Amino acid sequence: MIRLSQMKLPRRTRAGAKPLALPSPVEARDFSRRLRAWYRRHARDLPWRRTRDAYHILVSELMLQQTQVSRVLDFYARFLARFPDLGSLAAAREQQVLAQWRGLGYYARARNLHKLARRVVREEAPRYGGVLPQAPEALRALPGVGAYTAGAVASFAFEQRAALVDTNVARVLQRFFAPHLHPKRARDLTTLWSIAEAVLPRTGRASWTHNQALMELGALVCTARVRHCGRCPLRGECQSATND
DNA sequence: GTCCAGGTTT
DNA sequence: AAACCTGGAC
């Protein structure tokens, strides 16, 4: 239980900055419930949504950062067929890992993934016991894992009650709660993380669905160029919804 | 043909 | 704030 006296509240807003009103618990619950109900009916069936293997989910997240779903499907299957677990990845040579990654681009991430496997399985085995940690802060310390990926693994693999913000999520939250924010600005991005935490449902299990749903809505409905408000489960309360 | 998105690192 | 790398938008 978090005590009121322990909570860190924003001191004061900069002169000229608009005070941020975080969503109230009631707004948050309504938002999340509609979102999750929509997800249960419209979610795509993707392989990384059928597993809770943290390593498999990590691989999918790293690949999805750079590539569209349709192409990741192939690479994901081939990569995991070749390196089914952290141990097999740690045992491989970097060249073999890069060979599997060829065509995806951003090869530094393949190197980081390999480095991560060796660290967890070999170099710091006593510390990690050969398995990925569950807390976002601990995941965040691994090579190639930033704030988004840490949240994704914590939520999607371990069903922790963790927030995550990628561009899809940032866009959805910005449009719904804070149209005046600019997700590309670092400062506003931080604000969107606060909003993401404020709208998380109570349990880790519900947070899994909630986070998947946020990303799915951003990918299928609340897209960057065209917004399909007519099909949006949240249009009633959205601060940016259009009426046609 | 040029521009730009997209997480993490430096 | 720039670099990484590629597909897709313009």
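Source: prediction; values computed, not measured.

Enumeration over the complete set of coordinates arrives at 8 salt bridges. The closest approach of N and O atoms between R44 and E216, which form a salt bridge, is 2.8 Å. Residue R44 is found in the loop between α1 (25-42) and α2 (54-64), and its partner E216 is found in helix α12 (residues 204-220); the two are separated by 172 residues along the sequence. Of the residues examined, R44 reaches a relative accessible area of 30% and is grouped as partly exposed. Members of the salt-bridge network, linked through shared partners, are R44, R49 and E216.

The environment of DNA strand C is made up of Q68, R71, G105, Y106 and Y107. Considering the 4 Å shell around the protein, atoms of DNA strand C inside it are sugar or phosphate in 55% of instances. With respect to DNA strand C, the side chain of Q68 contributes an N or O atom lying 2.4 Å from a phosphate oxygen. In this structure, a base nitrogen belonging to DNA strand C sits 3.3 Å away from a side-chain N or O atom of Y106. Grouping the amino acids of the surface near DNA strand C by side-chain chemistry returns 2 nonpolar, 2 polar and 1 charged.

The next thing to look at is the protein's contact with DNA strand B. The local shell around DNA strand B holds 15 residues, among which Y106, R109, G144, G146 and T149 are the closest. The protein-proximal atoms of DNA strand B, defined as those within 4 Å of the protein, are 66% sugar or phosphate. Here a phosphate oxygen of DNA strand B sits 2.7 Å away from a polar atom, N or O, in the side chain of T149. Within the backbone of T167, one N or O atom sits 3.4 Å away from a phosphate oxygen of DNA strand B.

A separate point is the domain arrangement of chain A. Here the domain parsing of chain A yields domain 1 (23-44 + 160-244) and domain 2 (53-146). The C-alpha centroid of domain 2 is placed 28 Å from the C-alpha centroid of domain 1.

Turning our attention to α1. In a regular helix each residue adds 1.5 Å, so 18 residues correspond to 26 Å; α1 covers 26 Å between its end C-alpha atoms and thus fits that length. Buried residues of α1: A28, F31, S32, L35, R36, W38 and Y39, and no others. One side of α1 holds all its buried residues, which, seen down the axis, span an arc of 165 degrees. Seen from the buried face of α1, the exposed residues on the opposite side, beyond 90 degrees, are V26, R33, R40 and R41. Lining the buried residues of α1 we find α10 (167-177), α11 (186-198) and α12.

The subject of this paragraph is empty space enclosed by the protein. Across all of its chains, the model carries 2 cavities of 30 Å³ or more by this definition. Approximately 110 Å³ is the volume found for the largest cavity. The element contributing the most residues to the lining of the largest cavity is α10, with 3 residues. Residue composition of the lining of the largest cavity, grouped by class: 10 nonpolar, 2 polar and 3 charged. Considering only enclosed or pocket space, the second largest cavity measures out at about 30 Å³ in volume. If you go around the second largest cavity, the residues you meet are L62, R109, N112, L113, L116, P143, G144 and V145.

On to the environment of V72, then. Structurally, the position occupied by V72 is in helix α3 (residues 69-82). V72 sits 13 residues away from V59 along the chain, and the two C-alpha atoms are 10 Å apart. Residues in contact with V72, not counting those within four places in the same chain, are W48, M63, L64 and T67.

Quick look at the packing of aromatic side chains now. Per the counting criterion, the structure on display carries 8 aromatic pairs. Each ring, one from F31 and one from F177, has its centre 4.9 Å from the other, and the planes form 50 degrees; the classification is tilted. Pair noted here: F31 is in helix α1 and F177 is in helix α10, with a separation of 146 residues, a long-range link. Each member of the pair, F31 together with F177, is buried. Taken together, a centroid distance of 6.4 Å and an interplanar angle of 80 degrees make the contact between Y39 and W208 edge-to-face. With Y39 in helix α1 and W208 in helix α12, this pair connects stretches of sequence that are 169 residues apart. Just as Y39 is buried, W208 falls in that class too. Members of the aromatic cluster, connected to one another through ring pairs, are F31, F176 and F177. Of note, R109 hangs over the ring of Y106, and the distance from its end group to the ring centre comes to 4.4 Å.

Cut-offs and rules
- Within each chain, residues carry numbers counting from 1 in the order of the written sequence.
- Lettering for chains starts from A, numbering for ligands starts from 1, and both go in the order in which the items are written.
- Predicted model: local features are reported for residues with pLDDT of at least 70 only, side-chain atom pairs are reported and counted for 80 or more only, and whole-chain, interface and lining totals are derived from all residues.
- Calculation of side-chain values draws on the structure's entire complement of heavy atoms; hydrogens and water are dropped beforehand.
- A pairing counts as a salt bridge when a side-chain nitrogen of Lys or Arg comes within 4 Å of a carboxyl oxygen of Asp or Glu.
- Helix and strand definitions follow DSSP, with helices as H or I runs of at least four residues and strands as E runs of at least two, each counted in order from the N terminus.
- Each residue is placed in one exposure class: buried if its accessible area under a 1.4 Å probe, protein chains only, is under 20% of its type's maximum, exposed if it is over 50%, and partly exposed if it falls in between.
- Whether a residue is near a molecule or strand depends on its heavy atoms: it is near if one of them lies within 4 Å of it.
- Definition of a polar contact: a pair of N or O atoms within 3.5 Å, with one able to donate and the other able to accept a hydrogen when the atoms are protein atoms, and with sequence-neighbouring residues admitted only if both atoms are side-chain atoms.
- Note on residue categories: nonpolar means Ala, Val, Leu, Ile, Met, Phe, Trp, Tyr, Cys or Pro, charged means Asp, Glu, Lys or Arg, and polar means any other residue, Gly included.
- Note that the domain bounds reflect an automated or database-derived domain assignment.
- By this rule the span expected of a helix is its residue count minus one, scaled by 1.5 Å.
- Arc, as used here, means the arc of the directions from the helix axis to the C-beta atoms.
- Residue contacts follow a heavy-atom distance rule, with two residues in contact if any of their heavy atoms lie within 4.5 Å.
- Cavity means a closed set of points on a 1 Å grid over the protein atoms alone, one where a 1.4 Å probe fits but cannot get out, pocket means an open set with protein on both sides within 12 Å along at least 5 of 7 lines, and lining means a residue has an atom within 4 Å of a point.
- Grid points are joined across faces, edges and corners, and a volume is the space filled by probe spheres set on the points.
- Stacked, tilted and edge-to-face are the three classes assigned to paired rings of Phe, Tyr and Trp, where Trp is represented by its six-membered ring and a pair needs centres within 6.5 Å; plane angles under 30 degrees give stacked, over 60 edge-to-face, the rest tilted.
- Remark: a charge is flagged as sitting over a ring if the NZ atom of Lys or the CZ atom of Arg is within 6 Å of the ring centre and within 35 degrees of the ring normal.

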